[in-house]
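# Remarks on the overall topology
Chain by chain, the residues:
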Amino acid sequence: MLRNNNILKGICICISLSVSANISVFAQQKQLADYVNPFIGASTNMQSAGNPAGLGKTFPGATVPFGMVQVSPNTITGGDNGSGYSYEHKTIEGFALTQMSGVGWYGDLGNFLVMPTMGTLQTSAGKEGRHEGYRSYYDKKSEKASAGYYAVTLTDHQIKAELTATPHCGIMRFTFPKNTGSRIQIDLARRVGGTAVNQYIKVVDDHTIQGWIKCTPAGGGWGNGDGEAFYTVYFYAQFNKPLKEYGVWSAYIPDGQGRKLQDIESAKYQNIIAHAAILPGVKEKLGKHLGFYTDFDTKANEQVILKAGISYNTIEGAKANLDAEIKDYDFDKVHQQARGLWNKALSKIQVTGGSTEEKYSFYTALYHTMIDPRTFEDVDGKYPGGDLKAHVADHFVKRTIFSGWDVFRSQMPLQTLINPGLVNDLINSQITLATENGRQYFDRWELLNAYSGCMIGNPSISVIADAYKKGIKGYDIDKAYQYSLNTAAKYGNGDRGFSTGGNSISGTLEYAYFDWCVAQIAKATGKKDDAEKYSERALAYQNVFDKDKGWFRPKKDNGEWEEWPATGRLQQGYGTVESNPYQQGWFVPQDVPGLAKLLGGNEKAITDLTNFFEKAPANLLWNDYYNHANEPVHHVPFLFNRFGAPWLTQKWTRIICQRAYHNKVEGLVGNEDVGQMSAWYVLAASGIAQVCPGDMRYEITSPVFSKVKINLDPKYAKGKAFTIVAKNNSPANVYIQSATLNGRPYHKCYLDYAAIASGATLELVMGNKPNKVWGK
């Protein structure tokens with residue numbers, strides 16, 4: 001929740017046309033892509049969430065696994081609407097080529113906004129819920145979304161829009177009625193959470209336009225500018241209908257005019273945009289607020305197609321991407337290729353059993369974990385570096401969007417199992433960025449090379465520690481380690497041994513864990529002195545535990561305790577980030593026995609943890625107890641395993657899977673957060689999870705499905721697949737009665753990663769009553 005390949009190198013678009021052969025099979029048997037419902041989580045509705053943080057904030061549009069492009073409808077520009085879309089909105093302002101998934105904090109991207117229209121040219125989108133501007137009402141019943149495809153009918157002029165994507169390109173098909181004044185218009189200034197500050201457009205020939213869109217913090221965007229997002233989207237776009245009557249609109253933005261969200265939403269600014277100069281026949285234009293339009297006649301049901309490649313490097317890069325990935329205007333072929341890519345990606349995990357609804361929840365969750373970190377390089381491997389120069393990724397795929405504070409917990413541990421090459425890419429991407437920008441420490445919440453500084457902690461260190469110990473080592477470990485040391489030195493508890501200020505508890509506990517991660521890398525690379533030093537620092541969590549209160553308490557700069565509030569550890573923001581001390585205090589993954597000792601032993605810890613869950617509301621929306629809507633508690637259900645009551649981990653993870661994940665728009669209780677919310681479900685529903693990334697122990701819990709097969713990457717694992725079988729599994733039979741590992745009796749409630757990587761088979765016998773002997 002945010003306030004404040006090599007996986008198919010470039011993912012080859014020349015997928016074998018076994019996809020086409022599968023179309024006839026589809027009528028008889030569902031493919032995995034058919035269980036993806038991109039509308040799950042596609043809401044920013046704060047009222048339904050019961051909290052300003054909102055719900056899933058996903059986008060319903062078309063993309064491919066880890067692709068650069070996300071072609072999606074946009075219903076709103078600003079506010080805490082990171083995806084640019086919310087299902088309950090009644091109008092669509094256009095279809096953009098880039099989106100973020102599941103983030104709060106104003107969001108960004110939403111660039112190259114395309115809208116099919118008719119009649120008088122409007123240069124402003126207008127406001128949601130009002131019949132003004134170029135936005136249109138749409139037929140909700142006509143709105144369809146699936147893996148790699150989106151369609152809707154815009155009812156103002158009865159135009160059908162269809163969208164699909166390749167890794168670097170989008171293609172849109174618009175079906176028009178008979179009309180002498182049909183139009184496609186492109187708002188080049190549009191940006192989620194703000195505006196692009198400069199744009200350039202050129203008509204290349206009678207089918208082609210090219211240009212760029214520059215976005216900086218001055219135009220708002222990520223964190224309304226506080227996220228420091230600075231990027232340029234280059235585009236190369238072609239129409240299947242000749243450009244005969246076309247032009248540009250250009251709004252005059254006076255020098256000194258503020259351009260952040262609050263500025264562009266003002267009546268004054270909206271009036272400027274609505275009265276932009278319309279310049280027919282202009283072939284080339286540079287400006288502060290530009291749009292392009294092309295007018296044409298259409299026959300009844302005539303299909304007009306726009307395809308566009310993008311790049312973050314150059315116009316030439318965008319053209320090369322389009323030339324490589326969409327050679328003609330065959331929309332259906334591109335759609336089937338996208339679908340084929342999703343079927344292949346989703347086959348990394350195959351489940352049997354469970355209900356149809358649970359399969360939708362599972363495969364949509366898996367789908368959502370494969371959007372980021374997205375590719376940041378062109379088809380030739382070129383990417384924009386942190387030094388603003390072009391570089392070539394020679395042995396990895398350059399990736400971007402690392403929502404660190406969220407994804408180190410479940411998303412990246414999941415990817416180490418199903419997409420280890422992606423994790424290797426991410427670490428290389430973090431190392432090269434830290435080298436190129438000259439900082440030599442790891443970015444926190446990186447977005448398109450920007451150091452946004454969002455949230456707290458040093459999550460890159462966790463990802464490296466976990467990956468390195470799992471044998472994912474295709475990067476410069478010396479640099480990775482040195483940058484980890486630099487990062488821990490710049491941000492952490494330091495020699496004082498605790499953090500202060502408004503984040504005293506959260507900071508101290510999380511930095512203690514990340515110091516433990518440094519120690520793990522040091523041990524693995526033979527640096528004994530560092531290992532001892534950082535292992536000691538990993539105990540810093542003890543320094544903010546108040547024995548008199550029996551819980552964690554924030555400290556002042558001088559080391560004295562902050563005043564204890566009337567609501568005690570339930571006080572939101574009391575030394576904590578997006579949580580209260582009761583929620584954050586369970587975060588000692590590196591030393592659970594030490595935490596139990598502070599709490600008075602395992603039995604007292606179990607009693608308190610049970611209270612923590614039982615007082616949470618049944619719907620698990622934002623609350624002061626087990627708040628699944630936000631990340632700080634995501635590991636907590638698995639602590640029962642560590643405290644000696646594994647049947648309670650089994651009970652509560654099944655309850656959470658049932659209550660917090662649904663096959664509907666409001667099917668996520670909190671922000672998707674770039675894969676984290678969904679990755680938690682994928683792992684828990686499979687029956688395993690890591691409490692502590694960097695520790696090779698995987699907790700065993702109650703699977704949702706009767707069989708889960710996780711296909712392993714032979715480049716990184718000895719085995720072909722890790723399989724979990726749950727005999728007699730049902731909604732009532734949630735408790736593990738006994739287990740075997742590779743046919744031999746198994747009595748532990750956890751597995752070592754080595755067993756998973758070896759291709760083991762874990763068989764569980766399930767029942768409706770707890771077996772309080774197994775797993776203790």
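Everything below is about the structure shown above.
In short, a report on the structure. Everything quoted here is computed from the prediction, not taken from an experiment.

## Remarks on empty space enclosed by the protein
- Of the voids in this model, the largest cavity is the one considered here, and its volume is about 130 Å³.
- Arg-409, Ser-410, His-634, His-635 and Gln-690 are, among the 14 residues lining the largest cavity, the residues nearest its centre.
- Its residues assigned to classes, the lining of the largest cavity shows 8 nonpolar, 4 polar and 2 charged.
- As for the second largest cavity, its lining consists of Ile-40, Ser-361, Thr-364, Ala-365, His-368, Tyr-661, His-662, Gly-667, Leu-668 and Ser-678.
- No other element matches helix H7 (residues 356-368), which puts 4 residues into the lining of the second largest cavity.
- For the lining of the second largest cavity, the class distribution of residues is 4 nonpolar, 6 polar and no charged.

## As for the layout of surface pockets
- Taken as a whole, the largest pocket holds about 550 Å³ of empty space.
- Elements that contribute at least two residues to the lining of the largest pocket include exactly strand E16 (231-239), helix H5 (315-325), strand E24 (382-384) and strand E28 (450-451).
- Split by residue class, the lining of the largest pocket holds 12 nonpolar, 8 polar and 7 charged.

## A word on the sheet that holds strand E35 (residues 735-741)
- Taken together, the 6 strands give an open sheet; going across it, the order is E22-E33-E34-E38-E35-E36, and neighbouring strands pair in mixed fashion. Every interior strand has two partners, whereas the edge strands, strand E22 (349-352) and strand E36 (744-745), have only one.
- Two elements, E22 and strand E33 (residues 707-711), share 4 bridges in a ladder whose sense is antiparallel. Paired with Thr-352 across the two strands is Lys-707, which belongs to E33.

## Points about the pairing of strand E34 (residues 721-727)
- Of all 7 residues in E34, 6 are buried, a share of seventy percent or more.
- As judged from the 5 bridges shared by E33 and E34, these two strands associate in the antiparallel manner. By the bridge assignment for E34, Lys-707 is matched with Val-725.
- Inspection of the sheet shows E34 paired to strand E38 (residues 761-767) by 5 bridges, in the parallel sense. From the neighbouring strand, Thr-723 faces E38, where its bridge partner is Thr-761.

## Focus: the packing of helix H13 (residues 504-524) against helix H14 (residues 528-537)
- Direction vectors running N to C along H13 and H14 enclose 160°, while the axes themselves pass 7 Å from each other. For the element pair H13 / H14, the angle class is roughly antiparallel. Read as a crossing pair, H13 and H14 show a hand that is left-handed. Contact residues: Ala-512, Asp-515, Trp-516, Val-518, Ala-519, Ala-522 and Lys-523 in H13; Asp-530, Ala-531, Tyr-534, Ser-535 and Arg-537 in H14.
- Each residue belonging to the contact of H13 with H14 can be placed in one class, and the counts come to 7 nonpolar, 1 polar and 4 charged.

## Things to note about the state of the cysteines
- Summed over all chains, the structure comprises 0 disulfides.
- Cys-692 supplies the cysteine sulfur nearest to Cys-517, a cysteine that is in no disulfide, at a spacing of 6.2 Å.
- By relative accessible area, which is 0% here, Cys-517 ends up buried.
- A relative accessible area of 1% means that Cys-692 is categorised as buried.

## Focus on the pattern of salt bridges
- Within this structure, the stated rule accounts for 25 salt bridges.
- Asp-323 is the salt-bridge partner of Lys-319, the closest N and O atoms lying 2.8 Å from each other. Residue Lys-319 and its partner Asp-323 are both found in helix H5; the two are separated by 4 residues, about one turn of the helix.
- Taking relative accessible area as the criterion, Asp-323 reaches 35% and is therefore assigned partly exposed.
- Here Arg-399 ties to Asp-425 by a salt bridge, and the two come within 3.0 Å at their closest N and O atoms. Residue Arg-399 is located in strand E26 (residues 399-400), and its partner Asp-425 is located in helix H10 (residues 420-436); the two are separated by 26 residues in the primary sequence. Accessibility classification places Arg-399 together with Asp-425 in one group, the buried group.
- Within the structure, one salt-bridge network assembled from shared partners comprises Glu-93, Glu-128, Arg-135 and Arg-190.

Rules used throughout
- One numbering rule holds for all chains: residues counted from 1, following each sequence as written.
- Totals for whole chains, interfaces and linings use every residue, but because this is a predicted model, local features are given only for residues with pLDDT of at least 70 and side-chain atom pairs only at 80 or more, for both listing and counting.
- Note: side-chain values were computed over all heavy atoms of the structure, leaving out hydrogens and water.
- Points on a 1 Å grid, built from protein atoms alone, make a cavity when a 1.4 Å probe fits but cannot get out and make a pocket when they are open with protein on both sides within 12 Å along at least 5 of 7 lines; residues with an atom within 4 Å of a point are the lining residues.
- Grid points are joined across faces, edges and corners, and a volume is the space filled by probe spheres set on the points.
- Side-chain classes follow a simple rule in which Ala, Val, Leu, Ile, Met, Phe, Trp, Tyr, Cys and Pro form the nonpolar group, Asp, Glu, Lys and Arg form the charged group, and the remainder, Gly included, forms the polar group.
- Each helix is a run of H or I in the DSSP string that is no shorter than four residues. Each strand is a run of E no shorter than two, and both are numbered from the N terminus.
- Only when DSSP finds a minimum of two bridges between them are two strands counted as paired.
- Under the scheme applied here, a residue whose accessible area is under 20% of the maximum for its type counts as buried, over 50% as exposed, and between as partly exposed, the area being computed with a 1.4 Å probe on protein chains only.
- What counts as an axis is a line fitted to C-alpha atoms, over the stretch in contact for a helix, and the angles between N-to-C directions run from 0 to 180 degrees.
- Under this scheme an angle from 65 to 115 degrees is roughly perpendicular, one under 35 degrees roughly parallel, and one over 145 degrees roughly antiparallel; angles in between are oblique.
- Should the near helix be turned counterclockwise from the far one by less than a right angle, the crossing is left-handed, whereas a clockwise turn marks it as right-handed.
- Any two residues having at least one pair of non-hydrogen atoms within 4.5 Å are treated as being in contact.
- Cysteine sulfurs are considered disulfide-paired once they come within 2.5 Å of each other.
- By definition here, a salt bridge exists when the distance from a side-chain nitrogen of Lys or Arg to a carboxyl oxygen of Asp or Glu is within 4 Å.

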